[in-house]
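Examining the three-dimensional arrangement
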Amino acid sequence: MAEYEKRVRDILKENDCYFVRHGKGDHDIWFSPITNHPITVDGKIKSRHTANSIMKEAGIDYKEL
């Protein structure tokens, strides 16, 4: 099974999103200046659907994952 967390984090950084703090469990809180809202990023993203959902929540139009 593919894990997408590194690619998701790289794409977030490329779009000026930044890490804010650690959340509960293995989740991290990031901030998206595009949507001006915090987003939750799981530490173990195993589904491309979850990865694309995080991109959508961050306001990034990216569907190649």
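Note: the structure precedes this text.
Residues numbered from 1 in each chain as written. Predicted model: local features only at pLDDT ≥ 70, side-chain atom pairs only at ≥ 80, totals over all residues. Heavy atoms only, no water.

Things to note about helix α1 (residues 5-14)
Here α1 has its buried residues at E5, V8, R9, I11 and L12. Seen along its axis, α1 keeps its buried residues to an arc of 160 degrees; they face one direction. Facing away from the buried side of α1 by more than 90 degrees, the exposed set consists of K6, K13 and E14. Those residues of α1 that are buried lie in contact with β2 (27-32), β3 (37-42) and α2 (48-57). Backbone geometry just downstream of α1 places D16 in the positive-phi region, at approximately 65 degrees. (Buried < 20%, exposed > 50% of the residue type's maximum accessible area, 1.4 Å probe, protein only. Helix = DSSP H or I, 4+ residues; strand = E, 2+ residues; numbered from the N terminus. Arc of directions from axis to C-beta. Contact = heavy atoms within 4.5 Å.)

Some details on the nonpolar core
Counting 14 residues, the largest nonpolar core has V8, L12, I45, M55 and I60 as the members making the most contacts within it. Put simply, the parts of the chain that give this core at least two residues each are α1, β3 and α2. (Core = buried A, V, L, I, M, F, W, Y, C linked by side-chain atoms within 4.5 Å.)

Regarding the side chain of D28
Mapping D28 onto the fold places it in strand β2. Since its relative accessible area comes to 10%, D28 is described here as buried. A polar contact is formed between the side chain of D28 and the side chain of H22, at a distance of 2.8 Å. (Polar contact = N/O pair within 3.5 Å; in protein donor to acceptor, adjacent residues only side chain to side chain.)

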